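Descriptive structure summary
Take a look at the letters that make up each chain.
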Amino acid sequence: MEIYELKIPKRRVAVLIGEKGRDKRKIEKLTKCKINVNSDGEVKIQSNESLEGYECLNIIKAIGRGCRPDVALQLKNDENCCEIIDIRVYTGKNKVKEKRIKGRIIGKGGKIRKTIEYVTGTNIVVYGKTVCIVGSMEEVNIARSAVNDILKGAPIGPVLGVIERKMKELKQLENTNIY
């Protein structure tokens, strides 16, 4: 039996459990794991299979980093992955810089984040000191590259142009590899 332990923010415990425990039961059923969570955010996952336990761990990590349970459950598909980027790598302990950079990623009214999500087909959440990206591996790679460029201070326009070009190349590559 495999046992995984992790801690999620207290504010995300209710989201993990869901209304009347619905989301927690759904995750347990899909991953064939037993999840114990307390009000402090300490989560213990018990699994008979290490792969199922690892999938459950990734789903709960994504929920802990701000994703909705339905988005996090996309990680059950082997084609999808979750990338978590720590904003503090770029800002250090400077709270003002952290707030400014989070604002650059989100954009006015969420426009930049939504644009990157739309173009790449991913789900992006800026929560606390992290950016969480969920989607297919290729799409997450392109979105991660864009977020990293923005975090480094690149102008938004050219970054969006680059991801649009990369997505067109990816689509063309997928169309030529039809079996």
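Description of the structure in this document. Predicted, not measured: the structure shown is a model, and the values here were computed from it.

A separate point is the sheet that holds strand E4 (residues 80-86). Spatially, E4-E6-E5 is the arrangement adopted by the three strands of the open sheet, whose pairing is antiparallel. Either end of the sheet is taken by a strand with one partner, and the two such strands are E4 and strand E5 (123-127). Mean inter-strand twist for the sheet, computed between neighbouring axes without regard to direction, equals 15°. Inspection of the sheet shows E4 paired to strand E6 (residues 130-136) by seven bridges, in the antiparallel sense. Within E6, the residue paired with Asp-86 across the bridge is Thr-130.

Turning our attention to the pairing of E5. For a regular strand, the rule is simple: side chains alternate between the two faces of the sheet. For E5, the buried fraction is high: four of the five residues fall into the buried class. Relative to E6, E5 is paired through five bridges, and the arrangement is antiparallel. Its bridge partner being in E6, Asn-123 is matched across the sheet by Val-134.

Leftover empty space is mapped by rolling, across the atoms, a probe with the size of a water molecule. Its boundaries defined by the atoms lining it, the largest pocket holds a volume of some 190 Å³. Lining the largest pocket are Leu-51, Tyr-54, Glu-55, Asn-58, Leu-75, Lys-76, Asn-77, Asp-78, Asn-80, Cys-81 and Cys-82. Of all elements in the fold, only helix H3 (50-64) and E4 reach the threshold of two or more residues within the lining of the largest pocket. Looking at which element gives the most residues to the lining of the largest pocket, the answer is H3, with four residues. A per-class count over the lining of the largest pocket returns five nonpolar, three polar and three charged.

Right, let's get into the packing of helix H1 (residues 10-17) against H3. With their axes 9 Å apart at the nearest point, H1 and H3 run at an angle of 125° to one another. With respect to their mutual orientation, H1 and H3 come out oblique. The handedness of the crossing between H1 and H3 is right-handed. On H3, the residues touching Arg-12, Val-15 and Leu-16 of H1 are Ile-60, Ile-63 and Gly-64. The residue makeup of the contact of H1 with H3, split by class, is four nonpolar, one polar and one charged.

The rules behind each value
Residues numbered from 1 in each chain as written. Predicted model: local features only at pLDDT ≥ 70, side-chain atom pairs only at ≥ 80, totals over all residues. Heavy atoms only, no water. Pairing = 2+ DSSP bridges. Helix = DSSP H or I, 4+ residues; strand = E, 2+ residues; numbered from the N terminus. Axes fitted to C-alpha atoms, helices over the stretch in contact; angles between N-to-C directions. Buried < 20%, exposed > 50% of the residue type's maximum accessible area, 1.4 Å probe, protein only. 1 Å grid on protein atoms, 1.4 Å probe; cavity = no way out; pocket = protein on both sides within 12 Å on 5 of 7 lines; lining within 4 Å. Points joined across faces, edges and corners; volume = space filled by probe spheres on them. Nonpolar A, V, L, I, M, F, W, Y, C, P; charged D, E, K, R; others polar. Parallel < 35°, antiparallel > 145°, perpendicular 65-115°, else oblique. Left-handed = near helix turned anticlockwise from the far one by under 90°. Contact = heavy atoms within 4.5 Å.

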